[in-house]
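Listed below, chain by chain, are the residues.
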Amino acid sequence: MIRVIEGTKGLAAVFSRGGFSMPAWERYIDDLAPGVRALCEADLREVLAEGLSWEGDFVPLLNGAWADEACRARAAASLRAVTEGLDARIAARFGKSADADIILYLGLGNGAGWVTPVNGKTTILMGLEKIVELGWDSVDDMNGLVLHELGHVYQEQYGVLRRQLDRPADAFLWQLFTEGIAMVFEQELAGGPAYYHQDKNGWKNWCAENAKQIARDFQADLPVMTRGTQRYFGDWALYCGRPDTGYYLGTRLVRHMMETAPFDALIAYDVPAVRRGFAAFLQTL
């Protein structure tokens, strides 16, 4: 069962003295979602240790989220639109639903979408401050933040999401596959195979026109790819000036594999099966 917790109310107290108040935030988050505060604070400590400034980097971020009431309202409305009847829609398409909490909350700059256990329950944490900063308040943005992450949750709960991978090449091929699984899960709930939440400024058409080259370059990069040099996953990682091309390629891969195996079989595949699927997929391009 999916449970949505919307933490847009109660924020006034966090900023009642003209700016962000940490003691007031602690009361807000403990009332909203017990267990989340410790996660946020631990993550913040890690980031501050890398050299960022609380006063210079995080306080303006939090105050900016409070100042943009319209963006917060759009984000909340988009979340409601994406999650309305979601249990039933997932069950209708996949035969069973995912089990997770979705919490829209003011964090400490921890991330717009973050999947983590909270008190033993799989939880998608959605930080309003990052959503406002990035302008990710549309329905498409929420599909990417909620449905995509639920795709990972679904694979974890009904298949295998994490595997012990000793070779970096296997790790990146596995990432291509699992992101493709999450993308297909999202597509099936948001509009079908033509739907990509990343499709802005001609992104999908460009990826389609260059799919063969993307796939060949990904294959060539696999033996030497690192977290720092990979150019396929994340809006900061650019392939020929385009972000998120790995999500497009992974979607095409999984769609190809679904021609010979059902979705619920694929989510239990191991790495050798994915290698074979990728090799067969390359032959079709």
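This structure is a prediction, so every number in the text was calculated from the model and none was measured.

### Concerning helix H9 (residues 168-190)
Every α-helix winds through 3.6 residues per turn, so residues three or four apart in the chain are directed the same way. With 23 residues, H9 should cover 33 Å at 1.5 Å per step; its first-to-last C-alpha distance of 32 Å lies within 8% of that length. A positive phi of about 145 degrees marks Gly191, the residue just after H9.

### Let's talk about the packing of helix H12 (residues 245-257) against helix H14 (residues 271-282)
Between H12 and H14, whose axes approach to 10 Å, the crossing angle comes to 95 degrees. When the interaxial angle is binned, H12 and H14 end up roughly perpendicular. Contact residues: Leu249, Arg252, Leu253, His256 and Met257 in H12; Ala273, Val274, Gly277, Phe278, Ala280 and Phe281 in H14. Of the residues in the contact of H12 with H14, the class split is eight nonpolar, two polar and one charged.

### Examining the sheet that holds strand E4 (residues 121-127)
The four strands are arranged E1-E2-E4-E3 in an open sheet whose pairing can be described as mixed. Strands at the two margins of the open sheet, each flanked by one partner only, are strand E1 (2-6) and strand E3 (114-118). Each neighbouring strand pair of the sheet contributes to a mean axis angle of 25 degrees, computed without reference to strand direction. In the sheet, E1 pairs with strand E2 (residues 100-105) via five bridges, with the strands oriented parallel. Of the residues in E2, the one forming a bridge with Arg3 is Asp101. Running at roughly 130 degrees to E3, helix H3 (residues 36-49) makes contact with E2, E3 and E4 of the sheet.

### Let's talk about the pattern of salt bridges
Considering all chains together, one arrives at 17 salt bridges under this definition. Put simply, Asp264 and Lys96 hold a salt bridge, and the shortest N to O gap is 2.6 Å. Of this pair, Asp264 sits in helix H13 (residues 263-266) while Lys96 is found in the loop between helix H6 (86-94) and E2, placing the two residues 168 residues apart along the sequence. Asp264 gets classed as partly exposed once you look at its relative accessible area, which sits at 29%. When salt bridges that share partners are traced, they join Arg3, Asp99, Asp101 and Lys121 into one network.

### Description of the packing of helix H5 (residues 69-83) against helix H8 (residues 139-158)
Remark: H5 packs on H8, axes separated minimally by 9 Å, with the N-to-C direction vectors making an angle of 60 degrees. With respect to their mutual orientation, H5 and H8 come out oblique. Considering only the axes of H5 and H8, their crossing is right-handed. Together, Ala75, Ser78, Leu79, Ala81, Val82 and Thr83 of H5 and Val139, Met142, Asn143, Val146 and Leu147 of H8 make up the contact between the two elements.

### Regarding the environment of Leu173
Position of Leu173 relative to the elements: it lies in helix H9. For Leu173 and Asp87, which are 86 residues apart along the polypeptide, the C-alpha to C-alpha distance reads 30 Å. Beyond its immediate sequence surroundings of up to four residues, Leu173 is in contact with Phe218, Leu222, Val274, Arg275 and Phe278.

### Some thoughts on the pairing of E3
Summarising the sheet, E3 and E4 pair through five bridges and their orientation is antiparallel. Each bridged residue has a counterpart across the sheet, and for Trp114 the counterpart in E4 is Leu125. Hairpin connection, E3 to E4: the antiparallel pair is bridged by two residues, and Asn119 has positive phi, about 55 degrees.

### Quick notes on the nonpolar core
Across soluble globular proteins, nonpolar side chains have a tendency to be buried as a group. Core analysis: the largest hydrophobic core is formed by 86 residues, its most contacted members being Trp25, Val36, Leu106, Met126, Leu150 and Phe218. The biggest single contributor to this core is H9, with eleven residues.

### Regarding helix H2 (residues 22-32)
Among the residues of H2, Ala24, Trp25, Tyr28 and Ile29 are the ones counted as buried. For H2, the buried positions fall inside an angular range of 130 degrees around the axis, keeping them on one side. Exposed side chains of H2 directed beyond 90 degrees from the buried face belong to Arg27 and Asp31. Buried residues belonging to H2 abut helix H1 (11-14), H3 and E2. The backbone nitrogen of Ala24 has a side-chain oxygen 3.3 Å away, supplied by the residue at the start of H2, namely Ser21.

### A look at the layout of surface pockets
The computed volume of the largest pocket comes to approximately 1,400 Å³. Along its surface, the largest pocket is lined by 36 residues, and Glu149, Glu179, Gly234, Trp236 and Tyr247 are the ones closest to its centre. Sorting the residues of the lining of the largest pocket by element identifies E3, H8, H9 and strand E6 (242-243) as the ones contributing at least two each. Of all the elements, H8 adds the most residues to the lining of the largest pocket, at eight residues. When grouped by side-chain class, the residues that make up the lining of the largest pocket number 15 nonpolar, eleven polar and ten charged.

Conventions and cut-offs
- Residues numbered from 1 in each chain as written.
- Predicted model: local features only at pLDDT ≥ 70, side-chain atom pairs only at ≥ 80, totals over all residues.
- Heavy atoms only, no water.
- Helix = DSSP H or I, 4+ residues; strand = E, 2+ residues; numbered from the N terminus.
- Expected span 1.5 Å × (residues − 1).
- Axes fitted to C-alpha atoms, helices over the stretch in contact; angles between N-to-C directions.
- Parallel < 35°, antiparallel > 145°, perpendicular 65-115°, else oblique.
- Contact = heavy atoms within 4.5 Å.
- Nonpolar A, V, L, I, M, F, W, Y, C, P; charged D, E, K, R; others polar.
- Pairing = 2+ DSSP bridges.
- Salt bridge = Lys/Arg side-chain N within 4 Å of Asp/Glu carboxyl O.
- Buried < 20%, exposed > 50% of the residue type's maximum accessible area, 1.4 Å probe, protein only.
- Left-handed = near helix turned anticlockwise from the far one by under 90°.
- Core = buried A, V, L, I, M, F, W, Y, C linked by side-chain atoms within 4.5 Å.
- Arc of directions from axis to C-beta.
- Polar contact = N/O pair within 3.5 Å; in protein donor to acceptor, adjacent residues only side chain to side chain.
- 1 Å grid on protein atoms, 1.4 Å probe; cavity = no way out; pocket = protein on both sides within 12 Å on 5 of 7 lines; lining within 4 Å.
- Points joined across faces, edges and corners; volume = space filled by probe spheres on them.

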